[in-house]
Amino acid sequence: MFLITLSDSNSRVDVFSFPSVPGFFYRTVPWNDIFIMSQKGYVATPPYSQPQPGIGLSPPHYGHYGGPSHTASSPGIIKPAGPLGAAPPGGMLPQGHPPPGPHQFGQNGAHAQGPPPQRFPGPPPVSSAAPSYPPYSPSTQSSYPSPGSTASMAQLGSQLGAMHINSYGSGAAPPSQGPPGPASAASVQGPPQPPQPSILQPGSQVLPPPPTALNGPGASPLPPPTHRPDGLPGPAPPNAQYQPAPLPGQTLGPGYPAQQANYGPPVAGAQLSYPGGFPGGPAQMAGPPQPQKKLDPDSVPSPIQVIESDRASRVGQVYATNARGQIPPLVTTDCVIQDQGNASPRYIRCTTYCLPCTSEMAKQAQIPLAAIITPFATIPSNEKNKPPNPPAFIFMIDVSYSNIKNGLVKLICEELKTVLERLPKEDQEETSAIRVGFITYNKVLHFFNVKSNLAQPQMMVVTDVSEVFVPLLDGFLVNYQESQSVIHNLLDQIPEMFADSNENETVFAPVIQAGMEALKAADCPGKLFIFHSSLPTAEAPGKLKNRDDKKMINTDKEKILFQPQTNVYDSLAKDCVAHGCCVTLFLFPSQYVDVASLGLVPQLTGGTLYKYNGFQMHLDSQQFLNDLRNDIEKKIGFDAIMRVRTSTGFRATDFFGGIYMNNTTDVEMAAIDCDKAVTVEFKHDDKLSEDTGALIQCAVLYTTVGGQRRLRIHNLALNCSSQLADLYKSCETDALVNFFAKSAFKAVLHQPLKVIREILVNQTAHMLACYRKNCASPSAASQLILPDSMKVLPVYMNSLLKNCVLLGRPEISTDERAYQRQLVMTMGVADSQLFFYPQLLPIHTLDVKSTTLPAAIRCSETRLSEEGIFLLANGLNMFLWLGVSSPPELIQGIFNVPSLAHVNTDMTLLPEVGNPYSQTLRMIMGIIQQKRPYSMKLTIVKQREQPEMVFRQFLVEDKGLYGGSSYVDFLCCVHKEICQLLN
């Protein structure tokens, strides 16, 4: 049971607990942890509906929590010793049943007979020893204290009536820091108090609990607290010895040393005063007992004071819900609640905002874990969620010397006049809500004011690139339709404005920082379109050096080439995601630019990286312009958070894609468009049921281009089986390759490439060996048996192993390897399938009267013919291979030249020739291109000429030109691995 002792010498409340075995705990707790109903005449324990471990059993008395419907008292619960209301004098309690209390009603009304339902059943008793008190039986025992216990109860009642109650405030009780003080002679002199009948005075009284080892006849004085340096009492030392209640005929064992009267200075706070203090000397101990005095109502904790105190500290303030587990203002406090992710307390309030980590803690504390939810609560108008501002597009152009001289800046400015007319808009909206802004840069940043009422655009220069700031707000982000004339004026002036510039050094990280700060100042998500061409070598954050070291290839240090040089870009990406700033980068490198560093921010923010090596205006401009137009027009969501949920038994464990994760569950994306995919890996937590199957739900919260906040949800139900054959029958090879590619490309940042390749081969062999052992019919060991759904998995895995990311060679630049790695990390299944096994079409078999694509052939040189023309596409590149004996009529129909020798291989676009062959081929190329996120530059290849070497590396069934097995050789390798595993 609990014994609560109150001292007039110190501000403390001491709580004792006696379990059913010898030994108990003692602690000092703050006053507001104890609940006193002074007007009802009892000390109330919390309304537990279940046993409490560690709390002793006492004879129950009908009161606030007792009732005749209980046939037995729940073990470990203290029942108040008195009825509701004041008791008549003489210790006599009224007969009859108490009024129904809260304990008598469950979910569906009053309980019938029997104990109340238990939400948290307590643990079994730790001892089989008999309890200190006889069990309660309504038919044989009175509901009230027996005469034998009345005297001891009165003695404790007298002590309780002469004590102070102080408060430590809202904090916990002070810890013990010193030994107990010496015993006072005054506390042990004088005769013991004779037992007196318990007389309950009219008014507010405290009824003592039943006798215990500390308040029974001849009990030792209560223990003093230990001392702290600040004078506050602390809990008793852990080696204090106490004895359980004596049985009849036994004597009480040695107790705690007699307490000292002086406990240190008083503690500030409201005090509960009794006219008669605790006896402090022989004179006070002698004579008849002091009569109990009336409890001072002004000394107990006041609800009004608590309410007013909370109001004084929080009224009128803004309560933001962005922090986890913070305690909201009281319901009686008026404040402004700002919804920042967690629900407003007007919708949900909890009994505690910090849950115990284990069920054992919950059972020990017995604090209900509950939430009170009001889904349609009335919200003040000033708290209603303001719709997010529509996103903005900021165009950031590198105006260094090389870009001016090669005409790139002028091309970009001219194209922007066109693409700005195609800004994405909501369905059924006439105009786009997206605002636009413009920045140019080299070593410094130039912001432009294009407000609609200006006759000419205004330029503001930021030279301090170490701490970038936005020099203007009004006029920087504008509606294109309203400021069209000013914007066109600016785009005409930019190439001329920097025509005489000789500045070749550029910055990069400050450019992203400037765009993010502009979006942040405008309180909107958005997208940065950065047009950049060189390694950022100017003195600024994110400065890079040339580290393209071919000597690292095929060494353990090779992974460094895929890592960013500095952590500036990683932390910059994190900030961009937090503010909904997506970065799309158009690179025009003529030499090494460190794609691994520059491309990190686009990858982690959900943007796209485009790269045009050795950009030439007459050859590459159309590919670039197509990419720019498609990127601006594509369907996109901003400031997105995705969460993947599963049914019981398995869970999402790993994520791959253009994402950033601050925790293990929330996938954060500054933006996500129609071409980006996130690959999620699952693992078992428990056994899955064949009957219920497995469920996956993906929920994405995002902002539309019109500024609306929306939630998109996708659900998928899967089968579960205890048969391996069912598992293999249901596999999808294209999805498997997507997963293996992303997991391998993620691992290149940390592991040697040789180890990654070995893991891929071993896992392929393990999957197929398991099938052969458990699912296939017995066959000769020399036979390679593949499941039907995975029979082409080896050719895809071999293609992945030969990719330049996993198999470095000096002929492939480090930037190209880093570029392909980042592209694959965001690919969907259709794009990765085409990337690892290109589409090869025989064009010479075209039926010009049909719109159907010719049947594809296998990617092997053996499938080519000297008399044929073949089109190959892998999503990034497109080749038109011309056999040395190509039919002249086809050459004439496609290129409008008489023979193969007259074909210009420098062209990147087919000429428009008004004949069926040309029209059909151009239509086929358009169909292939239409489904892909990147514009594929066309390369014309003649058989037996030098450029054919580039074409041949995409014939993935053949042996790699710079290493890598052929498809047939890889099958033999896998078969050998399978045999070793089975043996």
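On a predicted model such as this, the values are computed, not experimentally measured, just so you know. Each chain has its residues counted from 1, following the order in which its sequence is written. Predicted model: local features are reported for residues with pLDDT of at least 70 only, side-chain atom pairs are reported and counted for 80 or more only, and whole-chain, interface and lining totals are derived from all residues. In computing side-chain values, all of the structure's heavy atoms are included and hydrogens and water are not.

Caption draft 1: A look at the overall build of the protein chain. Regarding its fold elements, the protein chain presents 22 helices and 31 strands. Partly exposed describes any residue whose relative accessible area lies between the buried limit of under 20% and the exposed limit of over 50%, with all areas from a 1.4 Å probe on protein chains only and scaled to the type maximum. Taken over 983 residues, the protein chain has a buried fraction of 47%. Looking at the protein chain as shown, the accessible area adds up to about 47,600 Å², and 54% of this sits on carbon and sulfur atoms. The helix count covers DSSP runs of H or I at least four residues long, the strand count covers runs of E at least two residues long, and both are numbered beginning at the N terminus. Every accessible area reported is derived by Shrake-Rupley at a probe size of 1.4 Å, with residue values counting cover from the shown protein chains alone.

Caption draft 2: The arrangement of the packing of aromatic side chains in detail. Note on aromatic pairs: the rings of Phe, Tyr and Trp (six-membered ring only in Trp) are paired at centre separations within 6.5 Å, and the planes decide the class, stacked below 30 degrees, edge-to-face beyond 60, tilted for the rest. A full pass over the atoms with the stated rule returns 27 aromatic pairs. Ring geometry for Phe508 against Tyr569: centres 6.1 Å apart, planes inclined by 45°, an arrangement best described as tilted. Taken together, the residues span a long stretch of sequence, with Phe508 in the loop between α7 (484-497) and α8 (509-522) and Tyr569 in helix α9 (residues 568-578) at a distance of 61 residues. Like Tyr569, Phe508 is buried. Summarising the aromatic geometry, the rings of Phe835 and Phe836 are spaced 5.1 Å apart at their centres and angled 85° between planes, so their arrangement reads as edge-to-face. Taken together through their ring pairs, the aromatic side chains of Phe531, Phe586, Phe588, Tyr610, Tyr612, Phe615, Phe624 and Tyr934 make up a single cluster.

Caption draft 3: The side chain of Asn803, seen in detail. Looking at the element boundaries, Asn803 is found in the loop between α16 (793-802) and α17 (814-825). Overall, Asn803 belongs to the buried group, its relative accessible area being 10%. A distance of 2.9 Å separates a polar atom in the side chain of Asn803 from the backbone nitrogen of Val805. If near-sequence neighbours (up to four positions away) are discounted, Asn803 is found in contact with Phe745, Gln820, Phe835 and Phe836. Here a polar contact is recorded for every N or O atom pair within 3.5 Å, except that within protein the pair must consist of a potential hydrogen donor and a potential acceptor, and residues adjacent in sequence are included only if both atoms are side-chain atoms. Residue contacts are defined here by distance: any two heavy atoms, one from each residue, within 4.5 Å place the two residues in contact.

Caption draft 4: Representation of the packing of helix α14 (residues 733-747) against α17. Relative orientation of the contacting elements α14 and α17 amounts to 135°, with a least axis distance of 9 Å. In terms of their interaxial angle, α14 and α17 are classed as oblique. Seen along the crossing, α14 lies across α17 with a hand that is left-handed. Every residue of α17 that contacts α14 at Ala741, Lys742, Phe745 and Lys746 is listed here: Gln820, Arg821, Val824 and Met825. Under this grouping Gly is polar, as are all residues other than the nonpolar Ala, Val, Leu, Ile, Met, Phe, Trp, Tyr, Cys and Pro and the charged Asp, Glu, Lys and Arg. In terms of residue class, the contact of α14 with α17 is made up of four nonpolar, one polar and three charged. Only the stretch in contact is used when a helix axis is fitted, and all axes are lines through C-alpha atoms; the angle between N-to-C directions ranges over 0 to 180 degrees. We call two directions roughly parallel when the angle between them is under 35 degrees, roughly antiparallel when it is over 145, roughly perpendicular when it lies between 65 and 115, and oblique otherwise. We call a crossing left-handed when the near helix sits turned anticlockwise from the far one by less than a right angle, and right-handed when that turn is clockwise.

Caption draft 5: View of the packing of helix α19 (residues 888-895) against helix α20 (residues 916-930). It is the contact of α19 with α20, at a shortest axis distance of 7 Å, that shows an interaxial angle of 65°. Relative to α20, the element α19 lies roughly perpendicular. By crossing handedness, the relation of α19 to α20 is classed as right-handed. Counted together, Leu890, Gly893 and Ile894 of α19 and Tyr917, Ser918 and Leu921 of α20 form the full contact between these two elements. Considered class by class, the residues forming the contact of α19 with α20 number four nonpolar, two polar and no charged.

Caption draft 6: Fine view of α14. The end-to-end C-alpha distance of α14, which contains 15 residues, comes to 21 Å, matching closely the 21 Å that a straight helix rising 1.5 Å per residue would cover. Along α14, the residues that are buried comprise Thr733, Leu736, Val737, Asn738, Phe740, Ala741, Lys742, Ala744, Phe745 and Ala747. Close packing links the buried residues of α14 with β23 (650-656), β25 (679-684), α15 (753-774), α16, α17 and α18 (829-836). Multiplying one less than the number of residues by 1.5 Å gives the expected span of a helix.

Caption draft 7: Quick peek at the side chain of Asp594. Its location among the elements puts Asp594 in the loop between β20 (581-587) and α10 (595-598). Polar contacts involving the side chain of Asp594 include one to the side chain of Arg547, which spans 3.0 Å. Within the structure, the side chain of Asp594 is placed 3.4 Å from the side chain of Tyr592, a separation counted as a polar contact. Excluding residues that lie within four positions of it along the chain, Asp594 makes contacts with Leu535, Leu544, Arg547, Gln565 and Asp815.

Caption draft 8: How the structure looks around the pattern of salt bridges. Here, a salt bridge means any Lys or Arg side-chain nitrogen found within 4 Å of an Asp or Glu carboxyl oxygen. Scanning all chains against the criterion turns up 29 salt bridges. Residue Asp492 is joined to Lys417 by a salt bridge in which the shortest nitrogen-to-oxygen separation is 2.2 Å. Residue Asp492 is found in helix α7, and its partner Lys417 is found in helix α6 (residues 408-419); the two are separated by 75 residues along the sequence. A salt bridge links Lys937 to Asp620; the nearest nitrogen and oxygen atoms lie 2.6 Å apart. A residue pair is termed long-range when its members are at least 10 positions apart, and Lys937 in strand β31 (residues 937-942) and Asp620 in helix α12 (residues 617-633) qualify at 317 residues. Since its relative accessible area comes to 3%, Asp620 is described here as buried. Each of Lys527, Asp631, Lys634, Asp673, Asp675 and Lys676 takes part in salt bridges that share partners, so that together they form one network.

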